[in-house]
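So the chains spell out like this:
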Amino acid sequence: MPSLSSLSAARPLLSRWSRALLSAGALSLSLSLLPDVGHAQARELPDFTELVEKVGPAVVNIRTSERLKANAQGMPEMDEQMLEFLRRFGMPAPNQRRGAPRGGDNNDDAPQRRGVGSGFVLSADGFVMTNAHVVQDADEVYVTLTDKREFKAKLVGADRRTDVAVLKIEATGLPAVKIGDVSRLKVGEWVMAIGSPFGFDNSVTAGIVSAKARDTGDFLPFIQTDVAINPGNSGGPLLNMRGEVVGINSQIYSQSGGFMGISFSIPIDEAIRVSEQLRSQGKVVRGFIGVTLEDVSKDVAEAIGLGKPHGAVIRSVVAGGAADKAGIEGGDVITKFDGKTIEKVSDLRRVVAGLKPNSKAVVQVFRRGAYKDLNITVAEMPNEEARGVAGADGEGKPSAGPASALGLQLGELSEAQKRDLKLKTGVRVEAAIGVAARAGLREGDVILSVDNNDVSSVKQVQAILTKLEKAKVINLLVRRGDLTSFVLLRPAR
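Residues numbered from 1 in each chain as written. Predicted model: local features only at pLDDT ≥ 70, side-chain atom pairs only at ≥ 80, totals over all residues. Heavy atoms only, no water.

Colleague: Which parts of the structure should I look at to understand the environment of S265?
Modeller: For S265, the position within the fold is in strand β14 (residues 263-267). On a C-alpha basis, the gap between S265 and Q251 in space is 6.8 Å, while along the polypeptide they are 14 residues apart. Contact partners of S265, with chain neighbours within four places excluded, come to F222, I223, L238, G247, I248, N249 and S250. Here N249 takes part through its side chain, which lies 2.9 Å from a polar atom of the side chain of S265. (Helix = DSSP H or I, 4+ residues; strand = E, 2+ residues; numbered from the N terminus. Contact = heavy atoms within 4.5 Å. Polar contact = N/O pair within 3.5 Å; in protein donor to acceptor, adjacent residues only side chain to side chain.)

Given below as structure tokens:
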């Protein structure tokens with residue numbers, strides 16, 4: 001038996017040993033009570049394999065071709081605007097071949113612009129949805145399924161304003177997608193895209209919803225995500241974790257042409273509404289009231305007594321249009337339309353565009369310090385390739401005649417205006433859309449000459465334009481403020 005003194009000497013050692021055992025036991029107990037962090041994170045990360053197997057067969061590759069028109073030198077024509085359009089929306093740049101025969105668009109060996117995109121099967125009987133820009137100006141469109149079957153597709157209809165198109169292929173029993181509820185989509189939610197980036201069919205990428213209702217277009221509040229979208233993904237589906245389509249991948253924000261972390265998708269509910277009109281009548285009919293608009297600034301709101309900045313300011317009213325007939329005046333601020341509150345210009349454009357032509361609505365305007373209700377009958381938006389058509393996409397209706405094809409609405413200069421501007425001739429640009437807007441023309445510009453001919457009336461401008469070849473590049477001498485410069489109009493071919 002050990003002596004008392006030996007036990008006393010050993011006590012400090014036993015004490016340290018016992019504390020170590022107790023500490024180890026406590027730590028073991030604590031760890032056993034903590035959740036398995038690694039496994040918890042693994043359980044939280046989504047598994048996309050089942051979604052890909054389920055939805056993948058309904059995603060298609062879309063291939064297009066367009067014969068290039070040759071210029072006078074026999075070279076395929078290609079301008080910077082078209083190249084920028086192709087870069088922006090993920091389509092390959094046109095192939096150029098030297099020595100192409102003149103009139104190459106009628107030659108089977110003519111150089112062709114080829115594009116690639118994505119799409120998805122809407123219904124088992126062969127209706128396919130994609131982006132309008134994927135099939136724009138295409139002479140031939142081919143749809144390839146995941147089982148490698150390829151079909152020549154017929155374009156049912158395309159709507160450039162929303163960038164939605166519907167194709168039809170002769171096939172039945174196809175795997176179709178399930179449409180989701182966009183209203184249930186939440187920021188931060190996992191989403192997945194399937195498409196053909198750079199022509200690599202059925203490529204899968206995933207990310208989260210970064211934002212909803214992004215105002216990057218006049219007619220659609222886009223879904224913003226960080227899903228990797230690249231050239232060729234356009235037209236493919238954006239899917240939630242239930243395997244439902246919630247959007248159509250349409251645009252990317254990029255300074256390089258490739259993915260930079262921001263992608264935009266068309267909400268599927270908006271796309272379905274457009275597709276239904278395309279399938280039933282081949283086009284989309286929208287409301288139109290004939291005004292030009294701008295947002296209300298904070299300073300303006302305070303100055304006119306509106307309070308907070310909201311609504312849409314009327315910059316001008318098209319004579320004889322729906323707004324003019326309703327009594328809407330320049331300087332009015334539209335704060336409500338058809339019972340819906342208008343916070344900004346895009347709100348008004350979407351509300352008006354969503355109404356059927358000839359439908360009646362009540363417009364609330366703020367005029368000279370007081371609110372006033374006006375009754376309006378909505379007109380139909382012209383079938384212009386326009387951006388900014390007033391009340392639906394922001395600019396005025398072009399005047400009739402050859403100028404209309406160029407997107408120009410022209411007006412006469414009064415004698416007082418001529419005196420103020422120190423001019424003897426010229427016509428005023430009332431609104432510019434389409435070709436004219438792309439060339440840089442805008443409301444308030446004064447056109448001094450057309451094709452090297454001085455002009456002093458709208459009638460004279462129309463007469464000059466009538467005599468010109470349709471494909472001719474037209475030079476205009478334009479006065480803006482105190483500056484005068486030439487502007488070139490390139491008619492759509």
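Colleague: Is there a simple way to think about the side chain of R286 in this case?
Modeller: For R286, the position within the fold is in the loop between α6 (268-281) and β15 (287-288). At a separation of 2.5 Å, a polar atom in the side chain of R286 contacts the side chain of D159. Those residues in contact with R286 that sit more than four places away from it in its chain are D159, R161, T162, F219, A353, L355, P357, A379, E380 and M381.

Colleague: Hey, could you run me through unusual backbone geometry in this one?
Modeller: Only a minority of non-glycine residues have a phi that is not negative, and only a minority of peptide bonds are not trans. Unusually for a residue other than glycine, N358 sits at a positive phi of about 75 degrees. The residue N358 is located in the loop between α9 (345-353) and β20 (360-367) in this model. One non-glycine residue with positive phi stands out, namely D451, at about 55 degrees.

Colleague: Explain the nonpolar core to me, please; I cannot follow it from the model alone.
Modeller: The nonpolar side chains of soluble globular proteins are, as a tendency, buried together. By size, the foremost hydrophobic cluster in this structure holds 38 residues, and its most contacted members are F120, M129, V164, I248, I266, I268 and A271. With 5 residues, the top contributor of residues to this core is α6. Once residues within four sequence positions are removed from consideration, I266 is found in contact with N131, T162, D163, V164, L220, F222, V246, G247, I248, S250 and A271. (Core = buried A, V, L, I, M, F, W, Y, C linked by side-chain atoms within 4.5 Å. Buried < 20%, exposed > 50% of the residue type's maximum accessible area, 1.4 Å probe, protein only.)

Colleague: What exactly am I supposed to notice about the pattern of salt bridges here?
Modeller: Here the idea is simple: oppositely charged side chains can pair when their charged atoms come close. Summed over all chains, the structure comprises 19 salt bridges. Notably, a salt bridge pairs K344 with D347, separated by 3.5 Å at the nearest N-O pair. Among the residues examined, D347 registers a relative accessible area of 17% and is labelled buried. Three or more residues joined by partner-sharing salt bridges are found here, namely E329, D332, R367 and R368. (Salt bridge = Lys/Arg side-chain N within 4 Å of Asp/Glu carboxyl O.)

Colleague: I tried to follow the packing of aromatic side chains on my own but got confused; where do I start?
Modeller: Here the structure, examined in full by the defined rule, presents 3 aromatic pairs. Consider the rings of F48 and W190, whose centres lie 6.0 Å apart with planes at 65 degrees: the pair is edge-to-face. In this pair, F48 is assigned in the loop between α2 (37-44) and α3 (49-55) and W190 in strand β9 (residues 190-195), connecting sequence segments 142 residues apart. Given a relative accessible area of 17%, F48 falls into the buried group. Note on W190: relative accessible area 33%, which makes it partly exposed. A centroid spacing of 6.4 Å and a plane angle of 70 degrees characterise the contact between F222 and F264, whose relative ring orientation is edge-to-face. Within this pair, whereas F222 is found in strand β11 (residues 222-225), its partner F264 is found in strand β14, the two being separated by 42 residues in sequence. Note on accessibility: F222 and F264 belong to one class, buried. Above the ring of F127, the side-chain terminus of K168 is found at 5.4 Å from the ring centroid. (Phe/Tyr/Trp six-rings, centres within 6.5 Å; stacked < 30°, edge-to-face > 60°. Lys NZ or Arg CZ within 6 Å of the ring centre and 35° of its normal.)

In short, the description is geometric, and any link to function would need to be established separately.
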